[in-house]
Amino acid sequence: MKHYTKEELELFRNGQMSILGRLRCSAHLKECQECSKVMEELKEDDNLISEVRGSVQLYKELSMEK
């Protein structure tokens, strides 16, 4: 079974694959635990980045109040 790279899964997540590519990737993810795990890790990375950005923004706002 061919596995998708992180880069390919990012394209899938961002809607940057062709329709046929998205269909194939979607079907693959239903069957492949390894690629599904990578997708979950990418989502967790996104959540972490969002939290860091939120913290930086809050820090900036609090710093400006002083």
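The rules behind each value
Residues numbered from 1 in each chain as written. Predicted model: local features only at pLDDT ≥ 70, side-chain atom pairs only at ≥ 80, totals over all residues. Heavy atoms only, no water. Disulfide = S-S within 2.5 Å. Buried < 20%, exposed > 50% of the residue type's maximum accessible area, 1.4 Å probe, protein only. Patch = residues over 30% accessible without salt bridge, like charges linked within 9 Å, V, L, I, M, F, W, Y side chains within 5 Å. Areas by Shrake-Rupley, 256 points an atom, 1.4 Å probe, with all protein chains shown as cover. Salt bridge = Lys/Arg side-chain N within 4 Å of Asp/Glu carboxyl O. Helix = DSSP H or I, 4+ residues; strand = E, 2+ residues; numbered from the N terminus.

**Re the state of the cysteines**
Moving on, step 1. Summed over all chains, the structure comprises zero disulfides.
Moving on, step 2. Cysteine 35 supplies the cysteine sulfur nearest to cysteine 25, a cysteine that is in no disulfide, at a spacing of 7.3 Å.
Moving on, step 3. You can see cysteine 32 has no disulfide; the closest cysteine sulfur is in cysteine 35, sitting 3.7 Å from it.
Moving on, step 4. Taking relative accessible area as the criterion, cysteine 32 reaches 4% and is therefore assigned buried.

**Section: a nonpolar patch on the surface**
Moving on, step 1. There is a patch of nonpolar side chains on the surface, built from Ile19, Leu20 and Leu23 and spanning about 330 Å² of accessible area.
Moving on, step 2. Its place among the elements puts leucine 20 in helix 2 (residues 19-31).
Moving on, step 3. With relative accessibility at 47%, the residue leucine 20 sits in the partly exposed group.

**Quick notes on the pattern of salt bridges**
Moving on, step 1. Under the definition given, this model contains four salt bridges.
Moving on, step 2. Across the pair aspartate 46 and arginine 13 runs a salt bridge, and its minimum N-O distance is 2.3 Å. Remark: arginine 13 occurs in helix 1 (residues 6-13) and aspartate 46 occurs in helix 3 (residues 33-65); sequence separation between them is 33 residues.
Moving on, step 3. Taking relative accessible area as the criterion, aspartate 46 reaches 32% and is therefore assigned partly exposed.
Moving on, step 4. For arginine 13, a relative accessible area of 25% translates into the label partly exposed.
Moving on, step 5. Between glutamate 40 and lysine 43 there is a salt bridge, with the nearest N and O atoms lying 3.6 Å from each other. Residue glutamate 40 and its partner lysine 43 are located together in helix 3, separated by three residues, close to a single helical turn.
Moving on, step 6. Three or more residues joined by partner-sharing salt bridges are found here, namely Glu10, Arg13 and Asp46.

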